[in-house]
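The chain contents come next:
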Amino acid sequence: MTQPNDQRSQLEALYAEMAPANLTPLWESLAQLVPKRPQSPAVVHRWSYDQARDYLIRAGDLISAEQAERRVLILENPGLQGLSSIVPSLYAGLQLILPGEIAPAHRHTQCALRFVLEGEGAFTALDGEKAIMGPFDLVLTPGWQWHDHGNPSDRPMIWLDGLDIPTVRHFDAGFAESFPEKTHPETAPPGDTLARYGRNLRPVRGSAADRRPAHQPLFHYPYADWRPALDAMAGAATIDPHLGHALEFLNPADGGPVMPTIAAQVRLLPAGFETRARRSTDGTVFVVVEGKGRAVVEGREIALEPRDVLVVPSWQELRLGAADDLVLFSYSDRAAQEKLNLYREECA
Ligand code: 1HN
């Protein structure tokens, strides 16, 4: 039998010899490659809206939306430096569009959501149809659909962008194109899609009025619709001890999550309510819509204020507490994980 010291030095010598042949021993990394439970390199982090906003407004003095193509500050997870990721699978950024500006039309295979934090009256145009945006509206730009943004209002607009950039990068499946003009020609009046597809109705399949892609027709989920739904629920439903009153945004095409990789939710925690501990495999980005409260992540307490952004990595235990009525928006890669049979949660 080889002596342990001997074995180690002989193995090391073997590794060194095989390295130029691009071969490495599995037995040295097996436990890391197949962990007993998720051990995310991402860390819990909160971005203060006021602080991020100041930097974004300063960037607004230095570079135009058109020159930047998209004037965005990336919310990069401190554990994922250089990766432009908020969790390993997802990207988040804060985008500013000033009065009169245009962010030019392009399309890409990555899918995106926008969650408005400030301003009123700017728009995202999707395949030439404008969604006129207001605070806390959710707007989607599904993969490979032309989109541009404009701000005809007299105030800055800021929203959170959530994209599946790292997931698409992981699959090496990224394509992008610029539209030959700054904006896509208008194809329908604002609100057309919401009226046709957003009321539990849709144009008869294949009819002349059926103008949106069958798999992803709806792209605007106004605050004016989702917020009263949460209130109605809070008035009547039994509260879930781990979630509070929670609603998921749906894709009306299939009743599933809003996009193939990304799921989005809103929830309401009444003043004084504390959730029980819960962990899930979908690292989640939260945005505070209203109210104050706190998150306790693996025992570490983080104060939450309106419009702050909080990221909670995969499998970290989360409890949420509401000081006043606390309304949260969140998105995660749960949509992708469920398709891959990976999603799990554990409730205390
Ligand atoms: C993008 O298309 C937008 O359309 C925002 O507003 C952020 C980050 C990376 C790649 C594409 C937008 C983006 C992006």
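Preceding this section is the structure that the text describes.
Along each chain, the written sequence defines residue order, and numbers are assigned to residues from 1. Only residues with pLDDT of at least 70 get local features here, since the model is predicted, and only at 80 or more are side-chain atom pairs given and counted; chain-wide, interface and lining totals rely on the full set of residues. Note that water and hydrogens are dropped before the side-chain values are worked out from all heavy atoms of the structure.

A.B. asks: Quick question: what am I supposed to make of helix α7 (residues 223-236) here?
C.D. replies: Turn by turn, an α-helix covers 3.6 residues, leaving residues three or four places apart pointing in a common direction. In this text, helices come from DSSP runs of H or I with a minimum length of four residues, and strands from runs of E with a minimum of two, each type numbered from the N-terminal end. To estimate how far a helix should reach, multiply one less than its number of residues by 1.5 Å. Helix length check: α7, at 14 residues, gives a terminal C-alpha distance of 20 Å against a target of 20 Å (1.5 Å per residue), a fit within 8%. Here the buried face of α7 lies against β5 (112-118), β12 (220-221), β13 (245-248), β16 (263-269), β18 (284-290) and β23 (326-332). The contact criterion used is simple: two residues touch if any of their non-hydrogen atoms lie within 4.5 Å.

A.B. asks: Can you help me understand the nonpolar core in this one?
C.D. replies: As a rule of thumb, soluble globular proteins bury nonpolar side chains together. Grouping buried Ala, Val, Leu, Ile, Met, Phe, Trp, Tyr and Cys residues that are joined through side-chain atoms within 4.5 Å yields what is termed a nonpolar core. Note on exposure labels: buried denotes an accessible area under 20% of the residue type's maximum, exposed denotes more than 50%, and partly exposed covers the range between, all computed with a 1.4 Å probe on protein chains only. Counting 52 residues, the largest nonpolar core has Phe115, Leu160, Phe329 and Tyr331 as its most contacted members. In contact with Leu160, other than residues within four places in its own chain, are Leu75, Ala92, Gly93, Leu94, Leu113, Arg114, Phe115, Leu117, Val285, Val287, Val309 and Tyr331. Membership of the second largest hydrophobic core comes to 16 residues, among which are Val44, Phe273, Leu310 and Val312.

A.B. asks: Hey, could you run me through the sheet that holds strand β1 (residues 45-47) in this one?
C.D. replies: Pairing between sheet strands relies on hydrogen bonds along the backbone, with the strands arranged either parallel or antiparallel. The pairing criterion for strands is at least two bridges between them, as found by DSSP. The strand order across the open sheet built from six strands is β1-β21-β18-β23-β16-β13, with neighbouring strands paired in antiparallel fashion. Two strands in the sheet have a free side with no partner beyond their single neighbour: β1 and β13. Taking each pair of neighbouring strands and ignoring which way they run, the sheet shows an average axis angle of 20°. Pairing of β13 with β16, which is carried by four bridges, proceeds in the antiparallel orientation. Along β16, the bridge assignment pairs His245 with Leu268. In the packing of α7 onto the sheet, the strands contacted are β13, β16, β18 and β23, and the crossing angle to β13 comes to about 140°. For helices, the fitted line uses only the C-alpha atoms of the stretch in contact; every axis is such a line through C-alpha atoms, and the angle between N-to-C directions lies from 0 to 180 degrees.

A.B. asks: Mind showing me how you'd approach the pairing of strand β20 (residues 300-304) here?
C.D. replies: Regular strands have side chains that alternate between both faces of the sheet. In this structure, strand β19 (residues 293-297) lies alongside β20, joined through five bridges in antiparallel fashion. Bridge pairing links Gly293 to Leu304 in β20. Once β19 ends, the chain turns through two residues before running back antiparallel as β20, passing Glu298 with a positive phi of about 50°.

A.B. asks: Before we go on, may I ask you to explain helix α3 (residues 49-62) in this structure?
C.D. replies: Between its first and last C-alpha atoms α3 spans 20 Å; for 14 residues at 1.5 Å apiece the expected length is 20 Å, and the two agree. When α3 is considered as a whole, its buried residues turn out to be Tyr49, Ala52, Leu56, Ala59 and Gly60. Seen from one end, α3 has its buried residues packed into an arc of 105°, which puts them on one side. Summarising the geometry of α3, the exposed residues directed more than 90 degrees from the buried face are Asp50, Arg58, Asp61 and Leu62. Of the surrounding secondary structure, the elements contacted by the buried residues of α3 are β1, β2 (72-74), β3 (91-97), β5 and β10 (157-163). When we speak of the arc, we mean the arc of directions from the helix axis to the C-beta atoms.

A.B. asks: Looking at this structure, I do not really get the site of the ligand. What am I missing?
C.D. replies: Neighbouring residues are identified by heavy atoms, a residue being near a molecule or strand if any of them is within 4 Å of it. Arg70, Tyr91, Gln95, His106, His108, Arg114, His147, His149, Asp161, Leu163 and Ile165 make up every residue found near the ligand. Looking at the shell around the ligand, the elements that each hand over two or more residues are β3, β4 (102-108), β9 (147-150) and β10. Each residue receives one of three labels: charged for Asp, Glu, Lys and Arg, nonpolar for Ala, Val, Leu, Ile, Met, Phe, Trp, Tyr, Cys and Pro, and polar for the others, Gly being one of them. The class makeup of the residues in the shell around the ligand is three nonpolar, five polar and three charged.

A.B. asks: Can you walk me through the environment of Ala92 in this structure?
C.D. replies: For Ala92, the position within the fold is in strand β3. On a C-alpha basis, the gap between Ala92 and Ile165 in space is 9.3 Å, while along the polypeptide they are 73 residues apart. Excluding residues that lie within four positions of it along the chain, Ala92 makes contacts with Leu73, Ile74, Leu75, Ile86, Leu160, Asp161 and Tyr331.

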